[in-house]
Structures are given as C-alpha cells and as structure tokens.
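A structural walkthrough
The lines below spell out each chain.
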Amino acid sequence: MRKTLLVAALFAFAGSAFAASVTYKIDPGHTNVLATWNHFGFSNPSANFGQADGTLVYDADKVSASSVQVTLPLSGLSALADQFYEHLTSDKWFDAAKYPSATFKSTQVEAAGEGKLKVTGDLTIKGITKPVVLDVTLNKAGEHPMKKVPAIGFDATATVKRSDFGVGAYAPMVSDEVTLKITTEATADATADAKK
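In this report, we go over the structure that sits alongside the text. All of these numbers come straight from a predicted model, not from anything done at the bench.

Further remarks concern empty space enclosed by the protein. By the definition in use, this model includes one cavity of 30 Å³ or more. As a volume, the largest cavity reaches approximately 30 Å³. Lining the largest cavity are Leu74, Phe94, Tyr99, Ser101, Ala102, Ile125 and Lys126. Among the residues forming the lining of the largest cavity, the class breakdown is five nonpolar, one polar and one charged.

Attention shifts here to the pattern of salt bridges. One pass over the structure, following the stated rule, counts two salt bridges. A salt bridge links Asp53 to Lys25, with the shortest nitrogen-to-oxygen separation between them at 2.6 Å. Of this pair, Asp53 sits in strand E4 (residues 53-58) while Lys25 sits in strand E1 (residues 22-26), and the two are 28 residues apart along the sequence. As a salt-bridge pair, Lys118 and Asp135 come within 2.7 Å of each other at their nearest N and O atoms. Residue Lys118 is located in strand E8 (residues 116-125), and its partner Asp135 is located in strand E9 (residues 128-143); the two are separated by 17 residues in the primary sequence. Residue Asp135 is classed as partly exposed on the basis of its relative accessible area of 40%.

Evaluated as defined, the whole model comprises four aromatic pairs. Measuring from ring centre to ring centre gives 6.2 Å for Trp37 and Phe84, while their planes differ by 45 degrees; the resulting arrangement is tilted. Note that Trp37 is positioned in the loop between strand E2 (32-36) and strand E3 (46-49) and Phe84 in helix H2 (residues 82-89), a separation of 47 residues in sequence. Judged by its relative accessible area of 13%, Trp37 is buried. Taking the centre distance of 5.7 Å and the plane angle of 75 degrees together, the rings of Phe49 and Phe94 count as edge-to-face. Here Phe49 is found in strand E3, whereas its partner Phe94 is found in the loop between H2 and strand E7 (101-111), with 45 residues between them in sequence. Across this residue pair, the class does not change: Phe49 and Phe94 are buried.

Pairing between E2 and E3: three bridges, direction antiparallel. Counterpart to Ala35 in the pairing with E3 is Ala47. Strand direction decides the pairing type here: E3 and strand E6 (residues 77-78), joined by two bridges, are antiparallel. Paired with Asn48 across the two strands is Ser78, which belongs to E6.

This brings us to the nonpolar core. The biggest cluster of nonpolar side chains holds 45 residues, and the ones touching the most others in it are Tyr24, Phe49, Leu56, Phe94, Leu117, Val119 and Leu134. If sequence neighbours within four positions are ignored, Leu117 has contacts with Tyr58, Val63, Val109, Glu110, Ala111, Ala112, Leu134, Asp135, Val136 and Phe154.

A word on the environment of Lys25. Classification of Lys25 by relative accessible area gives partly exposed; the value is 43%. Lys25 sits 45 residues away from Val70 along the chain, and the two C-alpha atoms are 10.0 Å apart. Setting aside residues no more than four positions away along its own chain, Lys25 makes contact with Asp53, Gly54, Glu185, Ala186 and Thr187. In this structure the side chain of Lys25 is engaged in a polar contact, spanning 2.6 Å, whose partner is the side chain of Asp53.

Thresholds, definitions, all that
Residues numbered from 1 in each chain as written. Predicted model: local features only at pLDDT ≥ 70, side-chain atom pairs only at ≥ 80, totals over all residues. Heavy atoms only, no water. 1 Å grid on protein atoms, 1.4 Å probe; cavity = no way out; pocket = protein on both sides within 12 Å on 5 of 7 lines; lining within 4 Å. Points joined across faces, edges and corners; volume = space filled by probe spheres on them. Nonpolar A, V, L, I, M, F, W, Y, C, P; charged D, E, K, R; others polar. Salt bridge = Lys/Arg side-chain N within 4 Å of Asp/Glu carboxyl O. Helix = DSSP H or I, 4+ residues; strand = E, 2+ residues; numbered from the N terminus. Buried < 20%, exposed > 50% of the residue type's maximum accessible area, 1.4 Å probe, protein only. Phe/Tyr/Trp six-rings, centres within 6.5 Å; stacked < 30°, edge-to-face > 60°. Pairing = 2+ DSSP bridges. Core = buried A, V, L, I, M, F, W, Y, C linked by side-chain atoms within 4.5 Å. Contact = heavy atoms within 4.5 Å. Polar contact = N/O pair within 3.5 Å; in protein donor to acceptor, adjacent residues only side chain to side chain.

Encoded structure:
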C-alpha cells in the first residue's frame, strides 16, 4: 500500500512539474527570422535576421503566463550578398552603426486553437517601437534527443509596415508591407532546473 501511494505521489509530482512554466533559451543556430518584400514587382527578395538571442517562457496550462523576449543583432543580418548587406545596414536603411539591434518583447500571449497562439508584443527597430501580432504554431515540446533537456519549437508569421520603423524608402513601389516568417528552437537549462 505504501509503495502504491509513493508511486502515485511521484506521478502527481511529475505531472505538476511538466505543467509548470519552463524558461527556454533560444538556439540561434536553429532560429531564422526571414523578412520578405516585393521589389518593384519584379522579385520577392528575403533577408534573414540571424544570431537571435533571447528567452521563451511557456506554460501549457496557463498560456497567458507565457512570454518571449528576443534581440536580433544587425551584425547577424544575412542579405545573401555583401553589397546588399552594406546597403541595408547603412544609415539610409537600418543604420546599424547607431542602432545595432532590433528587439521584440511580448506584452500578451493568448491561445488561438489547438497548438496555436497569438503573441502580441513591442517590436523596436531604429529606436521606434510599434505593436506587432505574431500568429504562432507550436511545432513540438519534449526532450531534446541529443541534449537530453526540455526543448520546444515554434513557427510564427506576421506582417509589418517598414515605414512605421523609419525604413520606408521607395514605398509603395518597393512594398511597404514586409512578411516575417519565423522558426525557432529553444532548450531549457537543465542545471538551472535542478537548482529549483
């Protein structure tokens, strides 16, 4: 009987631990923030804002307690051509020398259906902050097969107007609207969890 009670208690503890919010560190090697726009109607080029640094807090039982905070250094911008990188980071566009990074900080997380979330937050580019809504899909949550720690992955999309952030040159001939497609993978710190 005592053994049965002990097993039941362990399962109850494991269930509550799994349900609690977990803080994950974003893996920059498996995170892409892809921006795509239309160029004079001829093409739809993209640039990737890489080297993401940030944290995700996810609570499956209380989604509203979840959050995300990310910094995107412009040194990690991949424009697929050196000349285009210099063009985008110049003072005519992102002015990376003065504003070396973009940031996103969530202000609200809501459930939006099975495996879906709506994340509202503040996007800051060139010192200008505007609200942005991300439509998010939970790809997977579970133990990372190699690192053996809790891991999680999301995809997200959003549309922003670049003119809102002071990078609106040539609009509307070059589309003002920019589509963001994001994929991210993040892992928990097993050492930190063990200390709790």
